[in-house]
Amino acid sequence: MKKIISHAAEQTLDLGKQIGKTVSSPFAIALRGDLGAGKTTLVQGLAKGLGVDDNYYITSPTFNIINEYPAKETRLCHLDLYRLGSADELEYIGFDDLGGPDAVIVVEWPGFLEEMQFEFDLEIKFEFDTDYNRVISLFPSGHKGVNLVSKLFL
Ligand SMILES: Nc1ncnc2c1ncn2[C@@H]1O[C@H](COP(=O)(O)OP(=O)(O)OP(=O)(O)O)[C@@H](O)[C@H]1O
Ligand SMILES: [Mg+2]
């Protein structure tokens, strides 16, 4: 497990960007942490690193649940399951069609997917410290996750 302290949104963006530049698809990332902790901020950096066009503005897909963005060699699939009522609803939002060899999947509020034993290559946990910095911990699983984290300059 690796841990960094992010003192500003810029730093969280940079971490996302580094992950985006390093990751190869297919890859799945779970983001956990309270409201406003910085999950979407990290995804904005991830999009930059993957080469998603700057004209796309990355926001939390809270209402449509899934947003997809074409990237250079991959496809960024950004999910926010905050408003999902149950794991059954995953089928209706088209989760089953989401994967594929070119997909980088990143999920805010991943609880229902974890319940279904969906396997993430990397879990990123955001916590506030007493000064409102973000403590960001990376928990890779499997060789793809471990390999990615070992390549990051943290
Ligand atoms: N160190 C930091 N890292 C990330 N964001 C920060 C940091 N410091 C301040 N911020 C600010 O905190 C806010 C984080 O919002 P963001 O939308 O990324 O949170 P979120 O975890 O996606 O929340 P939600 O669960 O509501 O989707 C932004 O306004 C960002 O500018
Ligand atoms: Mg968000």
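Thresholds, definitions, all that
Residues numbered from 1 in each chain as written. Chains lettered and ligands numbered in written order. Predicted model: local features only at pLDDT ≥ 70, side-chain atom pairs only at ≥ 80, totals over all residues. Helix = DSSP H or I, 4+ residues; strand = E, 2+ residues; numbered from the N terminus. Rg over C-alpha atoms; globule rule 2.2 N^0.38 Å. Buried ≥ 20, exposed ≤ 12 C-beta atoms within 10 Å, placed from the backbone. Contact = placed C-beta atoms within 7 Å. Near = placed C-beta within 6 Å. Nonpolar A, V, L, I, M, F, W, Y, C, P; charged D, E, K, R; others polar. Core = buried A, V, L, I, M, F, W, Y, C linked by C-beta atoms within 7 Å. Expected span 1.5 Å × (residues − 1). Arc of directions from axis to C-beta. Pairing = 2+ DSSP bridges.

(A) The arrangement of the overall build of the protein in detail. From N to C terminus, the protein includes 5 helices and 7 strands. In sequence order, the secondary structure elements of the protein are arranged as β-α-β-α-β-β-α-β-α-β-β-α. At 14 Å, the protein has a C-alpha radius of gyration in line with the 15 Å of a compact globule built from 154 residues. Taking the principal axes of the C-alpha coordinates as reference, the protein spans close to 40 × 35 × 35 Å. In the protein, which comprises 154 residues, the share counted as buried stands at 38%. Taking the contacts inside the protein whose residues are at least 6 apart along the sequence as the reference set, 68% of them involve residues at least 24 apart.

(B) Structural detail: the site of ligand 1. Inspection of the region around ligand 1 gives 17 residues, with Thr12, Gly38, Lys39, Thr40 and Thr41 positioned closest. Counted by class, the shell around ligand 1 contains 4 nonpolar, 10 polar and 3 charged residues.

(C) Main features of the nonpolar core. Core analysis: the biggest nonpolar cluster contains 33 residues, and Ile29, Leu46, Leu76, Val106, Val107 and Ile124 have the highest contact counts within it. Every element with two or more residues in this core is listed here: helix 1 (9–22), strand 2 (27–32), helix 2 (39–50), strand 4 (75–80), strand 5 (103–108), strand 6 (122–128) and strand 7 (134–140). Tallying contributions element by element places helix 2 first for this core, with 5 residues. Residues contacting valine 107, with those up to four places away along its chain left out, are Ala30, Leu31, Leu79, Leu81 and Leu113.

(D) Local environment of helix 2. Under the 1.5 Å per step criterion, the end-to-end length of helix 2 is 17 Å for 12 residues, consistent within 8% with the ideal 16 Å. Of all 12 residues that make up helix 2, 11 are buried, and the element is covered over most of its length. Taken together, the buried positions of helix 2 are Lys39, Thr40, Thr41, Leu42, Val43, Gln44, Gly45, Leu46, Ala47, Gly49 and Leu50. Lining the buried residues of helix 2 we find helix 1, strand 2, strand 3 (66–70), strand 4, strand 5 and strand 6.

(E) Structural detail: helix 1. Here helix 1 spans 20 Å end to end across 14 residues, near enough to the 20 Å set by a 1.5 Å rise per residue. Of all the positions in helix 1, only Thr12, Leu13, Leu15, Gly16, Ile19 and Gly20 are classed as buried. Buried residues of helix 1 fall within an arc of 160 degrees about the axis and therefore sit on the same side. Residues of helix 1 that are buried make contact with strand 1 (2–6), helix 2 and strand 7.

(F) Local environment of unusual backbone geometry. A cis geometry characterises the amide bond from serine 25 onward to proline 26, with omega recorded as -5 degrees. Tracing the backbone through its elements, the reader meets proline 26 in the loop between helix 1 and strand 2. Residues other than glycine seldom take positive phi values, yet tryptophan 109 does so here, at roughly 55 degrees. Turning to its location among the elements, tryptophan 109 is positioned in the loop between strand 5 and helix 4 (111–115). For tryptophan 109, a count of 20 C-beta atoms within 10 Å puts it in the buried group. Non-glycine residue glutamine 117 carries a positive phi angle of around 65 degrees. In this fold, glutamine 117 is placed in the loop between helix 4 and strand 6.

(G) Main features of the pairing of strand 4. For strand 4, a buried count of 5 out of 6 residues is recorded, marking the element as mostly surrounded by other parts of the structure. Between the end of strand 3 and the start of strand 4, which pair antiparallel, lie 4 residues. Sheet topology places strand 4 next to strand 5; 6 bridges connect them, and they run parallel. Looking across to strand 5, one finds that aspartate 80 is bridged to glutamate 108.

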